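Secondary and tertiary structure notes
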Amino acid sequence: MAKVKKNSTLYNSIKTLLIKAKNQVVHHVNITMVLTYYEMGRIIVEDEQKGKYRAEYSKKVLEHLSGQLTKEFGKGYSTSNLEYIRKFYSVYSSRIPQSLIGKSGKSRKTHAVEIPQSLIEEFNAPFVLSWTHYIQLLKIEKDEERNFYEIEAARGNWSVRELQRQFNSSLYERLALSKNKKAVKDLARNGQVIENPTDALKHHTVLEFLELREDERYSESDLENAIINKIEHFMLELGKGFLFEGRQKRFTFDGDSFFVDLVFYNRLLKCYVLIDLKIGRLSHQDIGQMQMYVNYYDRKMKLPDENSTIGIILCKEENKAVVEFTLPEDNKTIFAKEYKLYLPSKDELRKQLE
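In this report, the structure presented in the accompanying data block is examined. (Residues numbered from 1 in each chain as written. Predicted model: local features only at pLDDT ≥ 70, side-chain atom pairs only at ≥ 80, totals over all residues. Heavy atoms only, no water.)

Another aspect to go through is the overall build of the protein chain. Check the secondary structure of the protein chain and you find 15 helices and 6 strands. Counting over 354 residues, the protein chain shows a buried share of 42%. Nonlocal contacts in the protein chain, meaning residues at least 24 apart in sequence, comprise 67% of its contacts between residues at least 6 apart. Summed over its atoms, the accessible surface of the protein chain is roughly 20,900 Å², and 52% of this surface lies on carbon and sulfur atoms. (Helix = DSSP H or I, 4+ residues; strand = E, 2+ residues; numbered from the N terminus. Buried < 20%, exposed > 50% of the residue type's maximum accessible area, 1.4 Å probe, protein only. Contact = heavy atoms within 4.5 Å. Areas by Shrake-Rupley, 256 points an atom, 1.4 Å probe, with all protein chains shown as cover.)

Now the structure itself:
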């Protein structure tokens, strides 16, 4: 009896097809659930407004409705979830035109929200995240900030945990603090758009996932090793378009060897990004060293169609005066940014924004 040869290509092709189909089914189930909850929220809100319920009475109505739905359809219809469903419609009521879901014939007061049109156009759907994502988004009070995280979660395919982490690390505030007023408004409409080096920079970098303590002694080598061990987390913190090339990249001239701590390539900016780690206060020697690294990569490594190399010095304490007087006024390639080993205070960052 002839032996049947294993056909890995056949298996992998069918496996890929099945995984893709499964993901599409899950995606469509999630979208259907979100749209269903949106319609449920509309019915609840219109019923409340029709009856002019007081807050206390409205809560009793939801508790009664929760009991009925749970008895008929099982878990998932707790009073708290119904309250989220009601808030979901109130916040996003302008996301779907009334002509598509039916007009009630009566005017209704709804919570106005600026729709991130770029999100709808890009994904061709009014809602693209899971219900669990939207529960997290509903906890964000400011419309602009909520829109920003919705866009970034969709484009970055963030898990709910990653969405929580980016919100807790104050990504929106840290990006906004490095931009002018117009650019801050653009964050809410379009998310983070990377067109030049400064677009990729935050006010400071948060490395709480390294689990290094502020009050303990550690070396630059310890910091580098911790980053390498959590490289996926570090790249998410860096932002969009980063590809990791290597650590301690060596180059030599005139018999002397030099090592760049971390080397990345950003496919959106089309350039190398060099990162040097400093555990102390920034000095002019640090800037001079990075300038040499950038010059070497520009002259020896980058291709003619690539953009100028970017150098980022991650330091424990930034020295703005040293940066100002060491670098030229039109500097667009070398940046010094502080890192923090703990999540920043959102209230403190918001006060800086205001």
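This brings us to the nonpolar core. Formed by 37 residues in total, the largest nonpolar core has its most connected members in Phe88, Tyr92, Phe127, Trp131, Tyr134, Leu137 and Tyr149. Secondary-structure elements contributing two or more residues to this core are helix H1 (8–51), helix H2 (55–73), helix H3 (79–92), helix H6 (131–138), helix H7 (143–156) and helix H9 (171–176). Every residue in contact with phenylalanine 127, bar those within four places of it in the chain, is listed here: Ile31, Val34, Leu35, Tyr38, Phe88, Tyr92, Arg95, Ile96 and Tyr134. Core analysis: the second largest hydrophobic core is formed by 28 residues, Tyr218, Ala226, Phe264 and Leu341 among them. (Core = buried A, V, L, I, M, F, W, Y, C linked by side-chain atoms within 4.5 Å.)

Before going further, it helps to examine H6. The element H6 is extensively covered by neighbouring structure, given that 7 of its 8 residues are classed as buried. The set of residues buried in H6 consists of Trp131, His133, Tyr134, Ile135, Gln136, Leu137 and Leu138.

Glancing now at the packing of H7 against helix H8 (residues 160–168). For the pair H7 and H8, the least separation of the axes is 11 Å and the interaxial angle reads 140°. The pairing of H7 with H8 is recorded here as oblique in orientation. Judged by the sense of rotation from one axis to the other, the crossing of H7 with H8 is right-handed. When H7 is examined against H8, the residues Glu145, Tyr149 and Ala153 are found in contact with a partner set consisting of Leu163, Gln166 and Phe167. In terms of residue class, the contact of H7 with H8 is made up of 4 nonpolar, 1 polar and 1 charged. (Axes fitted to C-alpha atoms, helices over the stretch in contact; angles between N-to-C directions. Parallel < 35°, antiparallel > 145°, perpendicular 65-115°, else oblique. Left-handed = near helix turned anticlockwise from the far one by under 90°. Nonpolar A, V, L, I, M, F, W, Y, C, P; charged D, E, K, R; others polar.)

We now examine the pattern of salt bridges. A complete count under the given rule lists 16 salt bridges for this structure. Here lysine 340 and glutamate 338 are joined by a salt bridge, their closest N and O atoms 3.9 Å apart. A single salt-bridge network, built from bridges that share partners, covers Arg165, Arg174, Glu208 and Glu237. (Salt bridge = Lys/Arg side-chain N within 4 Å of Asp/Glu carboxyl O.)

This part is about the sheet that holds strand S1 (residues 205–206). Spatial strand order, S1-S6-S5-S4-S3-S2: 6 strands in an open sheet with mixed pairing. Two strands lie at the open edges of the sheet, namely S1 and strand S2 (242–253), each paired on one side alone. Note that S1 and strand S6 (residues 334–340) share 2 bridges and pair parallel. When the bridges of S6 are listed, threonine 205 appears paired with tyrosine 339. (Pairing = 2+ DSSP bridges.)

Time to look at the packing of aromatic side chains. For the structure on display, the rule yields 27 aromatic pairs. Here the aromatic rings of phenylalanine 234 and phenylalanine 264 are separated by 6.0 Å at their centres, their planes lie at 40°, and the arrangement is tilted. Of this pair, phenylalanine 234 sits in helix H12 (residues 231–238) while phenylalanine 264 sits in strand S3 (residues 256–266), and the two are 30 residues apart along the sequence. A relative accessible area of 0% places phenylalanine 234 in the buried class. With a relative accessible area of 0%, phenylalanine 264 lands in the buried category. For the pair phenylalanine 242 and phenylalanine 264, a centre-to-centre distance of 6.2 Å together with 90° between the ring planes defines the contact as edge-to-face. Here the residue phenylalanine 242 occupies a position in strand S2, and phenylalanine 264 occupies one in strand S3, the gap between them amounting to 22 residues. Judged by relative accessible area, which is 9%, phenylalanine 242 ranks as buried. (Phe/Tyr/Trp six-rings, centres within 6.5 Å; stacked < 30°, edge-to-face > 60°.)

So, on to the packing of H6 against H8. Interhelical geometry of H6 versus H8 gives an angle of 15° and a closest axis separation of 9 Å. Here H6 is positioned roughly parallel relative to H8, judged by the angle of their axes. Regarding H6 and H8, the two cross each other, and that crossing is right-handed. Here Thr132, His133, Gln136 and Leu137 of H6 come into contact with H8, specifically with Val160, Leu163 and Gln164. Looking at the contact of H6 with H8, its residues break down into 3 nonpolar, 4 polar and no charged.

With 10 bridges connecting them, S2 and S3 associate as antiparallel partners. Pairing of arginine 250 across the sheet is with phenylalanine 259, part of S3.

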